[in-house]
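# Breakdown of the fold
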Amino acid sequence: MRKRLAMFLLVFLAAGCGEQAEQVQETAGTVTEDIIEESTAVDPIPGAVRVRVATTTSLYDTGLWGYLEPMFEEQYGVELDVLYAGTGKAIDWARRGDVDVITVHSKSRELLMVEDGVGIERIPFAYNYFLIVGPQDDPAGIAGMSPEDAFNTLMTTGTGTFVSRGDDSGTHGKEKSIWTSAGYDYDADVRTAGEWYVEGGSGMGPTLVMANEMQAYTLSDIGTFLAYQGDLDLVPVVDQGDALLNVYSVLAVATARDGEMAQNLVDFLTSEEVQTLIGDYGVEVYGRQLFTPCAGEAGY
């Protein structure tokens, strides 16, 4: 529990803006090392192997890992340490050899990991879609637009505030790619565009909370939005467009402390039984899938 509380505090602190958020981002690696070291003393299964998985905040904030973790631990008799952060930080941990497996959502960076010999293989296991969510009165009038047209309207009219993850996550990477497709240079044009553009520097859940408090727009994966929807006044305003596809992959890390057990986690997530559980997860509560399983399917 202490490791999860510490990670929650890290994400909570990162929910601030400006200098404070930047300081949290800079120190995240050091804090995580302390958490990993401390977690080895928390309620272990006697003699159990420990597997460390770094996951995106969207997979964690939806509760999916809390649902799957005990099943994996029971099946294999291991301790699974789930550390959550943006995709960029999760990949950094993998490159440093701090974790054994990662579940992230940035295809280009995942393929680069494999090319560099850091990840064994990129294996997609689920997908959902991103949404642009915002205030119900939609002050910028972007409802129903393509993602690119919506971003262009926000940029040119200045009639709505946009809260960015700003944390080098997979969601942040998707946002930057949409800005590029809309014809803007992210660093030169967007980050300096004015007070309407806010970088939160935190995970998906805290970013949604911040956007809600500011009555602003943000880009969110649908799973986290549905999980938080009951506490938000925000609504989906843009939900169509090829750019909004969001694919999650699992990669065993080449330096895993127990390569066989790391592969067991990959096999677990892509097994027929767990794929069914992933597809069913949240349906009873939200009336729709949070994630669509796709292990073994081509094109992702």
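Residues numbered from 1 in each chain as written. Predicted model: local features only at pLDDT ≥ 70, side-chain atom pairs only at ≥ 80, totals over all residues. Heavy atoms only, no water.

Quick look at empty space enclosed by the protein now. Per the counting criterion, the structure on display carries two cavities of 30 Å³ or more. Roughly 40 Å³ of internal volume is contained in the second largest cavity. If you go around the second largest cavity, the residues you meet are Leu59, Leu64, Trp65, Leu68, Thr103, Phe125 and Leu269. At three residues, helix H4 (residues 64–76) tops the list of elements feeding residues into the lining of the second largest cavity. Split by residue class, the lining of the second largest cavity holds six nonpolar, one polar and no charged. (1 Å grid on protein atoms, 1.4 Å probe; cavity = no way out; pocket = protein on both sides within 12 Å on 5 of 7 lines; lining within 4 Å. Points joined across faces, edges and corners; volume = space filled by probe spheres on them. Helix = DSSP H or I, 4+ residues; strand = E, 2+ residues; numbered from the N terminus. Nonpolar A, V, L, I, M, F, W, Y, C, P; charged D, E, K, R; others polar.)

Okay, the packing of helix H7 (residues 147–157) against helix H8 (residues 170–181) next. A pair of packed helices is captured by two measures, namely the crossing angle of their axes and the spacing between those axes. The contact between H7 and H8 brings their axes to 9 Å, and the two run at 80°. If you check the angle between H7 and H8, you find them roughly perpendicular. Side by side, H7 and H8 meet where Pro147, Glu148, Phe151 and Met155 of the first sit next to Glu175, Ile178, Trp179 and Ser181 of the second. Grouping the amino acids of the contact of H7 with H8 by side-chain chemistry returns five nonpolar, one polar and two charged. (Axes fitted to C-alpha atoms, helices over the stretch in contact; angles between N-to-C directions. Parallel < 35°, antiparallel > 145°, perpendicular 65-115°, else oblique. Contact = heavy atoms within 4.5 Å.)

So, about the pattern of salt bridges. Throughout the structure, instances matching the rule amount to nine salt bridges. Notably, a salt bridge pairs aspartate 167 with arginine 165, separated by 3.0 Å at the nearest N-O pair. Each member of the pair, aspartate 167 together with arginine 165, is buried. A salt bridge links arginine 191 to aspartate 187; the nearest nitrogen and oxygen atoms lie 3.6 Å apart. (Salt bridge = Lys/Arg side-chain N within 4 Å of Asp/Glu carboxyl O. Buried < 20%, exposed > 50% of the residue type's maximum accessible area, 1.4 Å probe, protein only.)

What follows covers the packing of aromatic side chains. To describe a pair of aromatic rings, you give the distance between the ring centres and the angle between the ring planes. Considering all chains together, one arrives at 15 aromatic pairs under this definition. With 5.3 Å between their ring centres and 65° between their planes, phenylalanine 72 and phenylalanine 268 make a pair best called edge-to-face. Of this pair, phenylalanine 72 sits in helix H4 while phenylalanine 268 sits in helix H12 (residues 259–270), and the two are 196 residues apart along the sequence. No difference in accessibility class separates phenylalanine 72 from phenylalanine 268, as the two residues are buried. Aromatic rings pair up to connect Phe151, Phe162, Trp179, Tyr184, Tyr186, Trp196 and Tyr197 into one cluster. (Phe/Tyr/Trp six-rings, centres within 6.5 Å; stacked < 30°, edge-to-face > 60°.)

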